[in-house]
Amino acid sequence: MVASAERKEQFVEKVVIIGSGPAGCTAAIYCARASLKPVMFEGFVSGGPAGGQLTTTTDIENYPGFPEGIGGMELVMKMKEQAVKYGTTVLSEDVDSIDLSKRPFTIKGSGTTVEAMTLIIATGATARRMGVPGEAKLWNRGISACAVCDGGLPIFRNKPLAVIGGGDSAVEEAVYLTNFASKVYLIHRRDKLRASAVMQKRAETHPKIEMVWNTTLTDVKGDKLVESLLLSNVVTGKESELPVSGLFYAIGHVPNTSFLNGQIELHDNGYIKTVPGRTLTNVKGVFACGDVQDSHYRQAISAAGSGCMAAIDAQKCLENIEV
Ligand code: NDP
């Protein structure tokens, strides 16, 4: 890691990467191995942790190459180590703003300003949380925002579980959890799902899923692990307690794009627009990868794959090869 003060301000970098989750680290590994001497801002613009969402999950059992599973933090630390080993400079700073009006681009961190010929944006997305009182204590102790990542953990096997949300993700997560759970409660604040018709039918007819309509979560209870949910019916005002061993949030994600300040084209849902199947944004020389441009798959492995693509696209761009 190179301290900010040691950097020469007038030097124009070939490539700067913002974000240090699987997408950012993979982009850094590929850029470093292509001798581009990448600079990676590892802090998250949203104020979230360096390393991204993986650092907030426990065991990862679906990342290829780790048959015994690996801790989320450990996985992302290994990725960073690999990036540094091949010559990535890591700046432990958030990016406050960028200027894409001319090339080289200007990237202003909280302590360092860098100029770069290409920019890879890998700032990820943040899963929305409910913010109920027991949440902080029981996060990763039965509460998760990713059923695909965590649903298969032993603490959830053959236990009653709950999913909060009414969109496609909520249904998808609930159906996925039926593979492990004795029963899944799908708790939604309205009396109709937002999910597509086919997904609605899947949830409402599934023998292991019970719909809990017009209901919001007011608290999560448990000593060491989740034991029950406190619920409130928004129509009747009735309070109730539901014993479950796991709670999965599926109330949407927020892509970390606020620092872009309108300089990159976004979809209506706030995710960065890229050329379909590619990492190119609407600004030449700026590439986006990982969850900040993917509202659909949102997996560590797919983020890593798109990080590799962004690095190759940036390299081609620097070589003036049409990308
Ligand atoms: P959505 O924004 O579609 O749904 C979020 C859900 O969470 C809504 O039902 C919303 O309720 C509920 N919600 C939001 N905030 C709160 C809160 N504070 N308390 C309680 N409930 C809350 O997000 P998704 O992640 O489900 O989907 C994102 C996009 O990805 C969508 O376009 C979706 O179609 C797509 N997707 C597609 C899949 C597929 O095709 N297989 C799978 C997964 C996602 P309300 O309805 O009342 O607003």
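Coordinates for the structure precede this section.
Residue numbers run consecutively from 1 along every chain, following the written order of its sequence. Given that the model is predicted, a residue must reach a pLDDT of at least 70 before its local features are reported, and side-chain atom pairs must reach 80 or more before they are shown or counted; all residues, however, enter totals for whole chains, interfaces and linings. Values shown for side chains rest on all heavy atoms present in the structure; no hydrogens or waters enter the calculation.

J.: Just checking my understanding: could you explain the sheet that holds strand β17 (residues 246–249) for this structure?
T.: Within a sheet, each strand pairs with its neighbour through backbone hydrogen bonds, oriented either parallel or antiparallel. When DSSP locates at least two bridges between a pair of strands, those strands are taken to pair. Helix and strand labels come from DSSP, where a helix needs a run of H or I of at least four residues and a strand needs a run of E of at least two; each type is numbered from the N terminus. A sheet is described by the order of its strands in space; here five strands give the open sequence β10-β17-β11-β12-β13, paired in parallel fashion. One side of each edge strand has no neighbouring strand; the edge strands of this open sheet are β10 (143–144) and β13 (209–212).

J.: Looking at this model, I keep getting lost on the site of the ligand. Mind explaining?
T.: Contacts to the ligand come from 16 residues, most closely from Asp-168, Ser-169, Arg-189, Arg-190 and Arg-194. A distance of 2.9 Å separates an oxygen atom of the ligand from a polar atom in the backbone of Gly-166. We define a polar contact as two N or O atoms separated by no more than 3.5 Å, with the added condition that, inside protein, one atom must be a possible hydrogen donor and the other a possible acceptor, whereas residues neighbouring each other in sequence contribute only through side-chain atom pairs. Residue Glu-172 places a side-chain N or O atom 3.0 Å away from a nitrogen atom belonging to the ligand. Note on areas: Shrake-Rupley, 1.4 Å probe, and residue coverage restricted to the protein chains presented here. For the ligand, the accessible surface in isolation is 910 Å², of which the surrounding protein chains cover 72%. A molecule is said to occupy a pocket when more than half its atoms come within 2 Å of that pocket's grid points, and by this definition the ligand occupies the second largest pocket. Classifying every residue of the shell around the ligand gives three nonpolar, eight polar and five charged. Near is defined per residue: the residue qualifies when any heavy atom it owns lies within 4 Å of the molecule or strand. In this analysis, the protein atoms alone were mapped onto a 1 Å grid. Cavities are point sets where a 1.4 Å probe fits without being able to get out; pockets are open sets with protein on both sides within 12 Å along at least five of seven lines; lining residues have an atom within 4 Å of a point. Each molecule is checked against the cavity or pocket grid, and it sits inside if more than half of its atoms lie within 2 Å of the grid points. The classification used treats Ala, Val, Leu, Ile, Met, Phe, Trp, Tyr, Cys and Pro as nonpolar, Asp, Glu, Lys and Arg as charged, and all other residues, Gly among them, as polar.

J.: Looking at this structure, how should I read the pairing of strand β12 (residues 183–187)?
T.: The side chains of a regular strand alternate, first on one face of the sheet and then on the other. Each residue is placed in one exposure class: buried if its accessible area under a 1.4 Å probe, protein chains only, is under 20% of its type's maximum, exposed if it is over 50%, and partly exposed if it falls in between. Buried residues dominate β12, accounting for four of its five residues. The pairing of strand β11 (residues 160–164) with β12 spans five bridges and is classified as parallel. Paired with Ile-164 across the two strands is Ile-187, which belongs to β12. Call a crossover right-handed when, viewed with both strands pointing away from you, the route from the first strand across the helix to the second goes clockwise. Tracing the backbone out of β11, into helix α5 (residues 168–177) and back to the parallel element β12 gives a crossover that is right-handed. Where β12 and β13 come together, four bridges link them in parallel fashion.

J.: Would you explain a positive patch on the surface in this entry?
T.: There is a patch of like positive charges on the surface, built from Arg-128, Arg-189, Arg-190, Lys-192 and Arg-194. By secondary structure assignment, the location of Arg-190 is in the loop between β12 and α6 (197–205). Like-charged residues are merged into a patch within 9 Å and nonpolar side chains (Val, Leu, Ile, Met, Phe, Trp, Tyr) within 5 Å, provided each residue has over 30% relative accessible area and no salt bridge. Salt bridges are counted wherever a side-chain nitrogen of Lys or Arg sits within 4 Å of a carboxyl oxygen of Asp or Glu. Here the positive residues are Lys and Arg and the negative ones are Asp and Glu; neither His nor the chain ends is included. By convention, the charge on Lys lies at NZ, on Arg at CZ, on Asp at CG and on Glu at CD.

J.: What's the story with the environment of Met-130 in this structure? I'm lost.
T.: Relative to the elements of secondary structure, Met-130 occurs in the loop between β9 (125–127) and α3 (135–138). Separated by 86 residues in sequence, Met-130 and Thr-216 have C-alpha atoms that sit 9.7 Å apart. Any two residues whose heavy atoms approach within 4.5 Å are treated as being in contact. Apart from the residues lying within four places of it in its own chain, the contact partners of Met-130 are Glu-135, Ile-164, Leu-217, Tyr-249 and Ile-251.

J.: Looking at this structure, how should I read the layout of surface pockets?
T.: In this approach a probe as big as a water molecule rolls over the atoms, and the regions it shows empty are the leftover space. For the second largest pocket, the calculated volume is near 580 Å³. Along the wall of the second largest pocket there are 28 residues; nearest its centre are Arg-128, Arg-194, Ala-250, Ile-251 and Gly-252. For the lining of the second largest pocket, the elements supplying multiple residues, two or more each, are α5, β14 (215–221) and β18 (253–255). For the lining of the second largest pocket, a count of residues per class yields eleven nonpolar, eleven polar and six charged. The domain limits used here are those given by an automatic or database domain assignment. Both domain 1 (12–126 + 253–318) and domain 2 (129–249) contribute no fewer than three residues apiece to the lining of the second largest pocket. Grid points are joined across faces, edges and corners, and a volume is the space filled by probe spheres set on the points.

J.: When you look at the state of the cysteines in this model, what are you seeing that I'm missing?
T.: Two cysteines, two sulfur atoms, one covalent bond between them: this is a disulfide. Put simply, a disulfide is two cysteine sulfurs that come within 2.5 Å. The tally for this structure, following the rule as stated, stands at one disulfide. One disulfide bridge connects Cys-146 with Cys-149, the sulfur atoms lying 2.0 Å from each other. Disulfide Cys-146-Cys-149: the torsion about the S-S bond is 75°, which places it as right-handed. Owing to a relative accessible area of 15%, Cys-146 belongs among the buried residues under this scheme. You can see Cys-31 has no disulfide; the closest cysteine sulfur is in Cys-289, sitting 9.2 Å from it.

J.: How should I be thinking about the nonpolar core in this particular structure?
T.: The tendency in soluble globular proteins is for nonpolar side chains to be buried as a group. Only buried residues count toward a nonpolar core, which is a set of Ala, Val, Leu, Ile, Met, Phe, Trp, Tyr and Cys residues joined through side-chain atoms within 4.5 Å. If you look at the biggest cluster of nonpolar residues, it comprises 31 residues, and the most contacted ones within it are Ile-17, Cys-31, Tyr-63, Leu-75, Ile-120 and Phe-287. Only β1 (12–18), α1 (22–33), α2 (72–85) and α7 (300–318) provide two or more residues apiece to this core. Among the elements that make up this core, the one with the highest residue count is α7 (seven residues). One finds Val-95, Ile-121, Ile-264 and Ile-272 within the second-largest nonpolar core, a separate group that totals 22 residues.

J.: What is the right way to look at the side chain of Gln-200 in this model?
T.: When you line up the elements, Gln-200 lands in helix α6. For Gln-200, a relative accessible area of 15% puts it in the buried group. A polar contact is formed between the side chain of Gln-200 and the backbone oxygen of Leu-193, at a distance of 3.2 Å.

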